[in-house]
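Topology and contacts: notes
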Amino acid sequence: MRESLSAWSSAAGDLLLGARCAGCDVACWGLCAGCRQALDRRQPRLTRPTPCPQGFPLTVAAGNYDALLKRLVSAHKERQILSLTPALGRQLAAAVHLLMDSAPASTSPTAACLVPMPSAAAAVRSRGFDASWALAGRAARELRTRWGIDAVPARLLAQRHGVHDQAGLDAQARQANLAGGLRVVRGAPSGRSIILIDDVVTTGSSLAEAARTLRAAEVAIRGAATVAATVRSRPERSERNWEVPDDSC
């Protein structure tokens, strides 16, 4: 009965509003049950790009940047499908939780500050939506309600003038584009794990530059968490045995 009602409501949504699942394009309201289940089955993991840029932080991705996540991340950022924020935010929160849980129990903070990678002001104005900030806010909410972690989002970083859109750039060009391209705009809150947030890690240049910028301002970071990663090059290890080096690479 429940399945038939779901199918009916999905068909009605498609008929009346043209509603389609951003993951698989079937008629439904928001994200279909199949795509939602596919997301929920993912397990966060440690990730590192190859080649790995100097200063790349310890990073956890919620899943591989496969066809499903590519469609969802693109729809969320480029098409401003806000109904995807909760689902992607849950994935991001799981990655943050694993990153925090990897520290020894005696030293693991119970509070987190989620610092999204800054978007260019022109891009935010063009889209009318800051996807990274939305994900950071949702992930913080999930961490508070699901795991009891006192998490807050904070805009600690901003782009300097002259930084171009990273889309279509190779690893070397991304590093050159971002070198010195970020600045710290406010102090980090004390007593919290500082965690960088991004939707996808590809070459790692963005996260490496963000980590370098914060370290230069004497802000210690726990690591980074992303919704997805394009490359898996490090074998699985017990997260309880992870170490947190000054430079992950």
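Look above for the structure.
On a predicted model such as this, the values are computed, not experimentally measured, just so you know.

A short note on the packing of helix α4 (residues 85–101) against helix α6 (residues 131–147)
Between α4 and α6, the shortest axis-to-axis distance is 7 Å and the interhelical angle comes to 65°. Between α4 and α6 lies a crossing of right-handed hand. Within the contact between the two elements, α4 uses T85, P86, L88, G89, R90, L92, A93, A94, V96 and H97 and α6 uses A134, L135, A136, R138, A139, E142, L143 and W147. Considered class by class, the residues forming the contact of α4 with α6 number 12 nonpolar, three polar and three charged.

Side note on the packing of aromatic side chains
All chains considered together, the criterion is met by zero aromatic pairs. Above the face of the W133 ring, R155 is positioned so that its terminal group lies 3.9 Å from the ring centre.

Some details on the sheet that holds strand β3 (residues 111–116)
Spatially, six strands are ordered β1-β2-β8-β7-β3-β4 in an open sheet, and the strand pairing comes out mixed. Here the strands that pair on one side only, and so sit at the sheet edges, are β1 (45–47) and β4 (150–153). Strand after strand, the sheet turns through a mean of 35° between neighbouring axes, direction not considered. Where β3 lies against strand β7 (residues 193–201), five bridges are found, and the strand directions are parallel. The partner of C113 across the bridge, within β7, is I194. On the sheet, α6 packs against β3, β4, β7 and β8 (223–229) and is oriented at approximately 170° with respect to β4. Taken strand by strand, helix α8 (residues 205–216) contacts β2 (59–61), β7 and β8, and its axis lies near 160° from that of β7.

Definitions and limits used
Once a new chain begins, its residue numbering starts again from 1 and follows that chain's sequence as written. Owing to the predicted nature of the model, reporting of local features is limited to residues with pLDDT of at least 70; listing and counting of side-chain atom pairs is limited to 80 or more, with chain, interface and lining totals taken over all residues. Just so you know, side-chain values use all the structure's heavy atoms and leave hydrogens and water out. Here an angle of 0 to 180 degrees is reported between the N-to-C directions of two axes, which are lines fitted to C-alpha atoms, with helices fitted over the stretch in contact. Numbered from the N terminus, helices here are DSSP runs of H or I no shorter than four residues, and strands are runs of E no shorter than two. Each crossing gets its handedness from the near helix: less than a right angle anticlockwise from the far helix is left-handed, clockwise is right-handed. By the convention used here, residues are in contact when the closest approach between their heavy atoms is within 4.5 Å. Charged means Asp, Glu, Lys or Arg here, nonpolar means Ala, Val, Leu, Ile, Met, Phe, Trp, Tyr, Cys or Pro, and polar covers whatever is left, Gly included. The rule is short: rings of Phe, Tyr and Trp, with Trp giving its six-membered ring, pair when the centres are within 6.5 Å, and they are stacked under 30 degrees, edge-to-face over 60, tilted in between. The criterion is that NZ of a Lys, or CZ of an Arg, lies within 6 Å of the ring centre and within 35 degrees of the ring normal, and then a charge sits over that ring. Strands pair, by our definition, only if DSSP identifies at least two bridges between them.

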